[in-house]
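# Observations on the three-dimensional arrangement
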Amino acid sequence: MAAPSSSLLKKHENQELDWLEWLRGWSRLLSEGLFQKIKAKHLPRKYPLPQLSGLSCVVTGATSGIGLEIARQLAESGAHVVMAVRNPKAAHQIIEKWNDRQPNSRHLDVDVMEINLLSLESVVKFAESWNSSMKPLHVLINNAGIFSIGEPQKFSRDGYETHLQVNHLAPALLSVLLLPSLQRGAPSRVVNVNSLMNVVGFVDPNDMNFSSGKRKFTSLRAYSGSKLAQVMFTSILARNIPQGIDALCVEPGSVRTNVARDLSKVVQIAYQCMPSFLFDAQQGSRSALFAAIDPDIPKFCGKLKAEKLAVCAYFSYSCRPIKPAKAAYNEKTSDFVWEKTLDMVGLPSDAVEKLLEGKEIHCSYGSL
């Protein structure tokens, strides 16, 4: 596979987020965290879903937190939901509890398929299994993610930094490989659950894996960088896929989790004072559900595509469009991230075109 031009990539070496952008980013994060309930007051606590019979949805990370809420609410509205999870046993136990609470002994239309985002081979096997069924896919929600607060640098069995793989590489691979099924299900959508932490992220296409030693690793840098990379990749994906399939990002807001240990003392103190400002999982699921089913999403995404904007559709916890990091608007860097990502997940540069044409492709992590 052709790699990004080394002469162009050198422009990104030894660079980091400048202090002004860093300050603006953290100011924005603090403001959004403090006022998110006010900005989202127009939304009901539980996002109102219509009857979704006939809609087929895959939700990753569906056994806890936001992913569990997304899967449950879609299923209770009549959609066929596939819980794409690392622990199938836990998923089946959850489904039993859901069904026990249904009126008239109704059983939800929920299936479980195993996927481990720390194994790209597992991602390929999942996609191969789904595609071989020839079932249409209407909504793919890449929800699963990790933020290993304060932990030392770790690598997956594939040799990639774990935040990068789980938050960006694996969802990117899954999205591309499921394009044939998404094409069968058109109009269809790829919804990436992102994070506003992308505004303090930095992506060096030469060193996405934090392996050169030029940048000091912290879990905060790895997480925010992986989320920025996801926005950049999604923007190019949205540009390359045909009308009828949309790709977009959402951010759920600040949801009650223990994520402050890796932050500065000042931010930690502020975070401890914020419980009344934080969303619960149900509230945090609203933006993803909105992006998955709102009928105006294709029109909005189509408008952005027609205007040739550099960034994909990005919706906030208030279910309104917002701008991601300034760096996400750098089309050259986004192109580099796209090329580098395809290379890292073992796909050819023309994988999207070939898959949409119904042709077979070779992936380094499995056959398709």
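Residues numbered from 1 in each chain as written. Predicted model: local features only at pLDDT ≥ 70, side-chain atom pairs only at ≥ 80, totals over all residues. Heavy atoms only, no water.

### Considering the overall build of the protein
- Looking only at helices and strands, the protein has 14 helices and 9 strands in total.
- Taken along its principal axes, the extent of the C-alpha atoms in the protein is 60 × 55 × 40 Å.
- The burial tally for the protein puts 56% of its 368 residues in the buried class.
- Intrachain contacts of the protein at a sequence separation of at least 6 include 78% that bridge at least 24 residues.
- Between the averaged position of the 42 positive side-chain charges in the protein and that of its 34 negative side-chain charges there is a distance of 6 Å. (Helix = DSSP H or I, 4+ residues; strand = E, 2+ residues; numbered from the N terminus. Buried < 20%, exposed > 50% of the residue type's maximum accessible area, 1.4 Å probe, protein only. Contact = heavy atoms within 4.5 Å. Lys, Arg positive; Asp, Glu negative; His and termini not counted. Charge placed at Lys NZ, Arg CZ, Asp CG, Glu CD.)

### Regarding the pattern of salt bridges
- Going through the model one piece at a time under the given rule, you end up with 11 salt bridges.
- A salt bridge links Asp280 to Arg45; its shortest N-O distance comes to 2.3 Å. Of this pair, Asp280 sits in the loop between helix 9 (265-272) and helix 10 (281-284) while Arg45 sits in the loop between helix 2 (19-39) and strand 1 (56-60); the two residues are 235 residues apart in sequence, bridging distant segments of the chain.
- Three or more residues are tied together by salt bridges with common partners; here these are Glu69, Arg72 and Glu76. (Salt bridge = Lys/Arg side-chain N within 4 Å of Asp/Glu carboxyl O.)

### What about the state of the cysteines?
- All chains considered together, the criterion is met by 0 disulfides.
- Here Cys312 is not disulfide-linked; the sulfur of Cys249 is the nearest cysteine sulfur, at 4.1 Å. (Disulfide = S-S within 2.5 Å.)

### As for the pairing of strand 1
- Counting buried residues in strand 1 gives 5 out of 5 residues, a clear majority hidden from the surface.
- Burial along strand 1 is two-sided: Ser56, Val58 and Thr60 and Cys57 and Val59, pointing in opposite directions, are all buried.
- On the question of chirality, the crossover connecting strand 1 to the parallel strand 2 (residues 80-85) by way of helix 3 (residues 65-76) is right-handed.
- Across 3 bridges, strand 1 lies against strand 4 (residues 139-142) in parallel orientation. Bridge pairing in strand 4 links Cys57 to Val139. (Right-handed = clockwise from strand over helix to strand, strands pointing away. Pairing = 2+ DSSP bridges.)

### Side note on helix 3
- Helix length check: helix 3, at 12 residues, gives a terminal C-alpha distance of 17 Å against a target of 16 Å (1.5 Å per residue), a fit within 8%.
- A large share of helix 3 lies buried, amounting to 10 of its 12 residues.
- For helix 3, every residue scored as buried is listed here: Ile66, Gly67, Leu68, Glu69, Ile70, Ala71, Arg72, Gln73, Leu74 and Ala75.
- Phi for Gly78, located one or two positions after helix 3, is positive at around 105°. (Expected span 1.5 Å × (residues − 1).)

### Thoughts on a nonpolar patch on the surface
- A surface patch of nonpolar side chains, amounting to about 460 Å² of accessible area, comprises Trp19, Leu20, Trp22 and Leu23.
- Position of Leu23 among the secondary structure elements: in helix 2. (Patch = residues over 30% accessible without salt bridge, like charges linked within 9 Å, V, L, I, M, F, W, Y side chains within 5 Å. Areas by Shrake-Rupley, 256 points an atom, 1.4 Å probe, with all protein chains shown as cover.)

### Details of the packing of helix 6 (residues 162-177) against helix 13 (residues 331-344)
- The contact between helix 6 and helix 13 brings their axes to 9 Å, and the two run at 90°. For the element pair helix 6 / helix 13, the angle class is roughly perpendicular. Contacts from Leu164, His168, Leu169 and Ala172 in helix 6 reach Val337, Thr341 and Met344 in helix 13.
- Among the residues forming the contact of helix 6 with helix 13, the class breakdown is 5 nonpolar, 2 polar and no charged. (Axes fitted to C-alpha atoms, helices over the stretch in contact; angles between N-to-C directions. Parallel < 35°, antiparallel > 145°, perpendicular 65-115°, else oblique. Nonpolar A, V, L, I, M, F, W, Y, C, P; charged D, E, K, R; others polar.)

### Here we look at the sheet that holds strand 5 (residues 188-193)
- What the 7 strands build is an open sheet, ordered 3-2-1-4-5-6-7; its pairing is parallel. Two strands lie at the open edges of the sheet, namely strand 3 (110-114) and strand 7 (313-315), each paired on one side alone. Pairwise comparison of adjacent strand axes, ignoring direction, gives a mean angle of 20° for this sheet.
- The sheet strands contacting helix 11 (residues 286-293) are strand 4, strand 5, strand 6 (245-250) and strand 7, and the helix crosses strand 5 at an angle near 165°.
- Running at roughly 130° to strand 7, helix 12 (residues 297-306) makes contact with strand 5, strand 6 and strand 7 of the sheet.

### Details of the side chain of Asp158
- As for its position among the elements, Asp158 is in the loop between strand 4 and helix 6.
- Here Asp158 is buried and forms no salt bridge, its nearest opposite-charge partner Arg157 lying at an N-O distance of 6.0 Å.
- Polar side-chain contacts of Asp158 include one of 2.9 Å to the backbone nitrogen of Leu120.
- Beyond its immediate stretch of four places on either side in the chain, Asp158 contacts Leu118, Ser119, Leu120, Gln165 and Tyr365. (Polar contact = N/O pair within 3.5 Å; in protein donor to acceptor, adjacent residues only side chain to side chain.)

### Quick word on unusual backbone geometry
- Going from Ala186 to Pro187, the amide bond is cis rather than trans, its omega being 5°.
- Looking at the element boundaries, Pro187 is found in the loop between helix 7 (179-184) and strand 5.
- Look at Met134: it is not a glycine, yet its phi comes out positive at around 60°.
- For Met134, the position within the fold is in the loop between helix 5 (120-132) and strand 4.
- Residue Met134 is classed as exposed on the basis of its relative accessible area of 54%.
- Located in the positive-phi region is Cys319, a residue other than glycine, with phi close to 65°.
- With respect to the helices and strands, the residue Cys319 is situated in the loop between strand 7 and helix 13.
- Cys319 gets classed as buried once you look at its relative accessible area, which sits at 10%.

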